Amino acid sequence: MQLKRIFCIFILLIISGYSYSQSVIGNSETGDIDYLTPRNYEIGGVVITGGDNLDHQIILLLTGLTIGDKIAIPGEKISTAIDKLWKQGIFEDVSISIQKIEGNTAFLEIELKQRPRLGSFKFEGINKSDANKLREKLNIVSGEIVTENLLVNSKNKIKQYYADKGYHNASVEIKTEPDTSNQRDEVRLFFRISKNQKIKIDKILVHGNESFTDRKVKKALKETKEAKWWRFWKSSRYIDEDFNNDLNLLIQKYNEGGFRDAKIVSDTVYQISDKKAVVEISIYEGKKYYFRNIGFVGNTKYSSDDLRKYLRIDKGTPYNKTLLDERIHYSPSGTDINSLYMDDGYLFFNAIPVEVLVENDSIDIEIRIREGKQARINKVTVSGNTRTNDHVIMRELKAYPGKLFSRDAVFIRSVRELSNLRYFDPQKIVPEVKPDPENGTVDINYSVEEVPSDQFELSGGWGAGTVIGSIGFTFNNFSTRNFFKSSAWRPLPTGDGQRLSFRAQTNGTYYYSFNGSFTEPWLGGKKANALTVSAFHSYQSNGFWENETTHYLKINGGSVSLGKRLKWPDDYFTFIQGVTFQQYSVMGYGDSFIFSDGVSNDLNYNITIARNSLDMPIYPRTGSDISLYLQLTPPYSLLNNRDYSSMEAAEKYKWLEYYKINFRAAWYFNIVENLVFTTRVRFGFLGYYNDDIGYSPFGRYSLGGDGLSGWDITAKEVIPLRGYGAGALSPKTGASAFNKFTLELRYPFILDFSSATIFGLAFAEGGNSWLTFTQFNPYKPYVAAGLGIRIYMPMFGMLGFDWGYGFDRIPGAAKVSGSQFHFSINQSID
């Protein structure tokens, strides 16, 4: 009975197969075809129906069927042809049938039903911002064939997009409808999206950790955090990629603690509600290991004892392969073994640490060194500069032909010097090193990308009870050599690194000033001797034309200085000396000034010793900037033996005499990633030679406010201190001594030196000033704190917005402390 049933089923399968073959390749004109016994026929012709907008010759080529070929019907070539067309993914249905048979010749027909093309698509249930981002991610365009693969991929990309945002329960429904806006066979797609609730991590459960506490394990997970009401700066959403990266960081944390065999046994994530999920991690810590003996082989240049000093890993230190690699290959401070060799020309140096013995909880390391030979620099070239001349770049480099290769000179110092020019994007200055081991030489190409360096200033500020407007131009890459070449004016002659600036200020009524300067940074072209010349003029009055009721102060002057880069104590130092002459003309000031009418001349010699090791000028992360400035006039009263005790003020101050000392320092520390902590300090002291003359009425200090300068009739040196009004922390006549301290934390929002750099800051600062140096007391500062933002744009320079709160009240003055807003342009509020 069982055999009879099997036999019936077999007969039915044969009959169904016969019917299927007829539907695929047969019709009424095929004649007598035995579908169970294939027979060879010659293809007499092929007709293609459907797919009218496709090239039929191409379709025929894809099938592999050629007129004149002999094929078996039914046979493998027919099924292969159908399969090839299906694989194109553009057809909904494909069939091959026999039109007719004439003797041994068969005429075939290929019937195609083409998939529709995409006319347009639309998102429903989401906002415009998400829709725009999804359009970019899906990367589908009108005219594309709508395949099942396209629909599935689109759906998965949308779900992944929302999963990355913490919406793991997002649902996507795709609806298709004909596009009736034209006669083409096109469809419209509607992506109906529901984000549903965002999944947050309620708990992180840790198992197997004995040496590390749960808190320490969770801290090692940088992006995967539990939802806490107080953690507003870090999201608690669950993202697969971030979680997997965090697991690697966790194992790295264990490895750095000596647990070299640590591994994740299992990890799982499960939802406990529509909004919450639990993360579980099981850890195998393994044994804690320690460094024991560390030896060196292959070293001839430096002794093993010298290399151990650079390695700085003592016996008994927990085994940490990351630390070992850092001390051998690269340390941010440059105190690694690799730097030691490479800074001495050993470009082909290599060191490989090998575990030679693992015994109980101790590991012996052997560092195998191949020193190679010293490499000298052969060629140095630059590329990417379209405005700046090659010689301007080449003269700043610390690596040049014939010199021994030095990683510090090539990758750090040279890049720093090019960054400080401000002509190039610091993040895109790339030293390309091409070593030649056979000849022991290396070629270096510095690839740069130029950014706008000229600046335009148009600003307004508040000073002396009035609005002051400023306009200025600074051309930072000027070229006087090409001044008379019409082809070089694009719109100005550029490329030689010279600096030309003009600036004007006015309140439109009783104050205006003009100043201009020119700097040649490489006087003579062979050494970095910077020549700077400047001239300035300002005028301030009571607003009346010059008559019997007019009083005014005019200041005219100029300066010339010469700066030089030093090589000792190191080549971060510069020495600048110069001569400045200023003439103050006073008329009709009566009792409001130290003398009513007269002229006061100021001829002074000034020197500056500075050291700047900042890694970049706009947003420094590391380094320091320290300077000591001395300005002094000749001691006229000590040379002419005149009695100044009874002399009129106009005569006494006809030739000013004083000495002035300013000190400022700033240190920058890269805490983590781009978070920077900076501490700054400033001191100033104005002294005199003769007690009968006392302090100079001009050039004193004015502390407080945003540092807007230029408007004061006594030409005070303005020192900003946020949280207080302009000049609020100094006597009305100005101070002879001041100090200021600042602590600041900075974090960038955008670091794009070619368009805009934006960073926020939080600060605390304090300072004070005194009429005489005998009153100086650095332990009683006026204190303030606040927040600010800096926006650097190449065209406009640095824009600053600060809110500060001054905590100390000023005796006899109202509304000059407490909440204060400050604005600056191209000024450093430090």
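Note that the coordinates shown come from a computational prediction; the quantities given were computed from them, not determined experimentally. (Residues numbered from 1 in each chain as written. Predicted model: local features only at pLDDT ≥ 70, side-chain atom pairs only at ≥ 80, totals over all residues. Heavy atoms only, no water.)

Peer 1: Looking at this model, I keep getting lost on the pattern of salt bridges. Mind explaining?
Peer 2: Any two side chains of opposite charge can pair if their charged atoms end up close together. Enumeration over the complete set of coordinates arrives at 33 salt bridges. Members of the salt-bridge network, linked through shared partners, are R680, R722, E744, R746, E765, R790 and D802. (Salt bridge = Lys/Arg side-chain N within 4 Å of Asp/Glu carboxyl O.)

Peer 1: When you look at the sheet that holds strand 6 (residues 171–178) in this model, what are you seeing that I'm missing?
Peer 2: Through backbone hydrogen bonds, the strands of a sheet pair up, either in parallel or in antiparallel fashion. Here we have three strands laid out as an open sheet, ordered 5-7-6, and mixed in their pairing. Strands at the two margins of the open sheet, each flanked by one partner only, are strand 5 (117–124) and strand 6. Each neighbouring strand pair of the sheet contributes to a mean axis angle of 20°, computed without reference to strand direction. By the bridge criterion, seven bridges tie strand 5 to strand 7 (residues 186–194) in an arrangement that is parallel. (Pairing = 2+ DSSP bridges. Helix = DSSP H or I, 4+ residues; strand = E, 2+ residues; numbered from the N terminus. Axes fitted to C-alpha atoms, helices over the stretch in contact; angles between N-to-C directions.)

Peer 1: Looking at this structure, how should I read helix 12 (residues 407–421)?
Peer 2: One turn of the α-helix equals 3.6 residues, which is why residues spaced by three or four share an orientation. For helix 12, spanning 15 residues, the distance from its first C-alpha to its last is 21 Å, which sits close to the expected 21 Å at 1.5 Å a residue. Maximal helix bending in helix 12 amounts to about 30°, located at R413. Helix 12 sits mainly inside the fold: eleven of its 15 residues count as buried. The complete set of buried residues in helix 12 reads R407, A409, V410, R413, S414, V415, R416, E417, L418, S419 and L421. Structurally, helix 12 contributes buried residues whose contacts are with helix 10 (337–342), helix 11 (390–394), strand 15 (430–436), strand 16 (441–447), strand 22 (552–565) and strand 24 (598–612). A positive phi of about 65° marks R422, the residue just after helix 12. (Expected span 1.5 Å × (residues − 1). Bend = angle between axes of the 7 residues up to and from the residue. Buried < 20%, exposed > 50% of the residue type's maximum accessible area, 1.4 Å probe, protein only. Contact = heavy atoms within 4.5 Å.)

Peer 1: Sorry if this is basic, but what is going on with the packing of aromatic side chains here?
Peer 2: For any pair of aromatic rings, the description consists of the separation of the ring centres together with the inter-plane angle of the planes. Tallying each qualifying case throughout the model produces 36 aromatic pairs. Measuring from centroid to centroid gives 4.9 Å for F291 and Y319, while their planes differ by 45°, and the two rings are tilted. You can see F291 sitting in strand 11 (residues 290–297) and its partner Y319 sitting in the loop between helix 8 (304–311) and helix 9 (321–328), a full 28 residues away along the chain. There is no split in this pair, since F291 and Y319 are both buried. Seen from their ring centres, F683 and F741 are 5.7 Å apart, and the 85° between their planes marks the pair as edge-to-face. With F683 in strand 27 (residues 675–687) and F741 in strand 30 (residues 737–752), the pair connects residues that are 58 residues apart, well separated along the chain. Note on F683: relative accessible area 29%, which makes it partly exposed. (Phe/Tyr/Trp six-rings, centres within 6.5 Å; stacked < 30°, edge-to-face > 60°.)

Peer 1: Got a minute to help me understand the nonpolar core in this structure?
Peer 2: A general trend in soluble globular proteins is that nonpolar side chains are found buried together. Core analysis: the largest hydrophobic core is formed by 26 residues, its most contacted members being Y584, L656, Y701, L721, Y724, L729 and I810. Mapped by element, the contributors of at least two residues to this core are strand 22, strand 23 (573–587), strand 28 (701–703) and strand 32 (782–793). For Y584, the residues in contact, after removing those within four places along its chain, are L553, K554, I555, G598, V599, S600, D602, L656, F698 and A715. Counting residues in each nonpolar core, the second largest holds 24 residues, with L60, I82, V94 and I110 among its members. (Core = buried A, V, L, I, M, F, W, Y, C linked by side-chain atoms within 4.5 Å.)

Peer 1: Even after reading the chapter, I still don't get the packing of helix 2 (residues 56–63) against helix 3 (residues 76–87), so can you show me in this structure?
Peer 2: Where helix 2 meets helix 3, the axes come as close as 8 Å, and the angle between the chain directions of the two elements is 125°. Judged on the interaxial angle alone, helix 3 and helix 2 are oblique. Here helix 2 contributes I59, L62 and T63 to the contact with helix 3, which in turn contributes A81, K84 and L85. Residue composition of the contact of helix 2 with helix 3, by class: four nonpolar, one polar and one charged. (Parallel < 35°, antiparallel > 145°, perpendicular 65-115°, else oblique. Nonpolar A, V, L, I, M, F, W, Y, C, P; charged D, E, K, R; others polar.)

Peer 1: Before we go on, may I ask you to explain the pairing of strand 12 (residues 350–359) in this structure?
Peer 2: As a general feature of sheets, a regular strand has side chains that alternate between the two faces. As defined by bridge partners, strand 12 adjoins strand 13 (residues 362–370) across nine bridges and the pair is classed as antiparallel. Within the sheet, the bridge partner assigned to E359 lies in strand 13 and is S362. Where strand 12 folds back onto strand 13 in an antiparallel hairpin, the turn is made up of two residues, including N360, whose phi is positive at roughly 55°.

Peer 1: Just to check I follow, could you spell out a nonpolar patch on the surface for this structure?
Peer 2: Together, V533, V560, V579, F581, L603, Y605 and W655 make up a nonpolar patch on the protein surface, roughly 530 Å² of accessible area in all. Looking at the nonpolar patch, the elements with two or more residues in it are strand 23 and strand 24. One can find F581 in strand 23. F581 sits in the partly exposed class, given a relative accessible area of 31%. (Patch = residues over 30% accessible without salt bridge, like charges linked within 9 Å, V, L, I, M, F, W, Y side chains within 5 Å. Areas by Shrake-Rupley, 256 points an atom, 1.4 Å probe, with all protein chains shown as cover.)

Peer 1: When you look at a positive patch on the surface in this model, what are you seeing that I'm missing?
Peer 2: A cluster of basic residues, R215, K216, K219, K222, K253 and K288, forms a positive patch on the protein surface. A total of three residues in the positive patch trace back to one element, the largest contributor, which is helix 6 (residues 214–220). Mapped onto the secondary structure, K288 falls in the loop between strand 10 (276–284) and strand 11. (Lys, Arg positive; Asp, Glu negative; His and termini not counted. Charge placed at Lys NZ, Arg CZ, Asp CG, Glu CD.)

Peer 1: What am I meant to see in unusual backbone geometry here?
Peer 2: Across the chain, the bulk of peptide bonds are trans and the bulk of non-glycine residues have phi less than zero. Cis rather than trans, the peptide bond between I73 and P74 has omega equal to -15°. Residue position: P74 is located in the loop between strand 2 (70–73) and helix 3. That bond from W568 to P569 is cis: its omega, 5°, falls within 30 degrees of zero. Mapped onto the fold, P569 is located in the loop between strand 22 and strand 23. Even without being a glycine, R312 presents a positive backbone phi close to 55°. In this model, N641 sits at a positive phi of 60°, which is unusual for a non-glycine residue. Locating N641 in the fold gives a position in the loop between helix 13 (636–640) and helix 14 (649–652). A relative accessible area of 72% places N641 in the exposed class.

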